[in-house]
Amino acid sequence: MAVTYEQLRDWVLALPGTREVFVEQWGHPTLRYGDKMFASGRSGSPHATVKASLEDQAELIASAPEVYEKSQYTGRFGWVRVDLARADPEELRQVVIEAWRRTAPKRVVAAYDSAQGQADQG
């Protein structure tokens, strides 16, 4: 089953906080937290780009080169281009959550982790 960019958006909007936004940027729908982009794609496109650490980028590409490749985005982060038709939905969901973690303020991430811990115990 292919993952869609709309699913990525739904995953992000289900995360806590009110600053997640879905906007057109450079002609592509992007997911941002405040002013920081962490995913980009297009409705109906077979690919999306997600923010990763440089270490995660290397690990994802090495583990599944048919799914992940180095993105054209550069900088201090290791963006990955994802083949949505080949991606494992749960693994990709975790990649998106980790991208959000790198982008959201630490207090928001801590509140999310605390709420997850309480939900796991309940």
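Residues numbered from 1 in each chain as written. Predicted model: local features only at pLDDT ≥ 70, side-chain atom pairs only at ≥ 80, totals over all residues. Heavy atoms only, no water.

A. Seen up close, the overall build of the protein chain. Counting secondary structure elements, the protein chain contains four helices and six strands. Starting at the N terminus and walking to the C terminus, you meet the elements of the protein chain as α-β-β-β-β-α-β-β-α-α. Surface exposure of the protein chain reaches about 7000 Å², of which carbon and sulfur atoms provide 50%. (Helix = DSSP H or I, 4+ residues; strand = E, 2+ residues; numbered from the N terminus. Areas by Shrake-Rupley, 256 points an atom, 1.4 Å probe, with all protein chains shown as cover.)

B. Highlighting the pairing of strand S4 (residues 47-50). Examined bridge by bridge, strand S3 (residues 36-41) and S4 share three bridges and lie antiparallel to one another. If you follow Ala39 over to S4, its bridge partner there is Val50. Once S3 ends, the chain turns through five residues before running back antiparallel as S4, passing Gly44 with a positive phi of about 85°. The sheet contact formed by S4 and strand S6 (residues 80-83) spans four bridges and is antiparallel. Along S6, the bridge assignment pairs Val50 with Val80. (Pairing = 2+ DSSP bridges.)

C. Quick peek at the side chain of Ser71. Considering the arrangement of structural elements, one finds Ser71 in the loop between strand S5 (68-70) and S6. For Ser71, a relative accessible area of 9% gives the class buried. Those residues in contact with Ser71, other than ones at most four positions away along the chain, are Thr49, Gln57, Trp79, Val80 and Arg81. (Buried < 20%, exposed > 50% of the residue type's maximum accessible area, 1.4 Å probe, protein only. Contact = heavy atoms within 4.5 Å.)

D. Fine view of the environment of Pro105. Residue position: Pro105 is located in the loop between helix H3 (89-103) and helix H4 (106-121). Relative accessible area serves as the criterion here: at 26%, Pro105 is assigned to the partly exposed category. A C-alpha to C-alpha distance of 9.1 Å links Pro105 and Tyr33, two positions 72 residues apart in sequence.

E. Structural detail: the nonpolar core. In this structure, Leu8, Tyr68, Val82, Leu92 and Trp100 are the most contacted members of the largest nonpolar core, which totals 30 residues. At the level of elements, helix H1 (5-14), strand S2 (28-33), S3, S4, S6, H3 and H4 are the ones that each hand at least two residues to this core. (Core = buried A, V, L, I, M, F, W, Y, C linked by side-chain atoms within 4.5 Å.)

F. Local environment of the side chain of Ser53. Considering the arrangement of structural elements, one finds Ser53 in the loop between S4 and helix H2 (54-63). Given the relative accessible area of 16%, Ser53 is considered buried. A distance of 2.9 Å separates the side chain of Ser53 from the backbone nitrogen of Asp56, its partner in a polar contact. With sequence-adjacent residues up to four places away left out, Ser53 is seen in contact with Gly78 and Arg102. (Polar contact = N/O pair within 3.5 Å; in protein donor to acceptor, adjacent residues only side chain to side chain.)

G. Structural view of H1. Those residues of H1 that sit buried are Tyr5, Leu8, Trp11 and Val12. The buried residues of H1 occupy one face: seen down the axis, they fall within an arc of 115°. (Arc of directions from axis to C-beta.)

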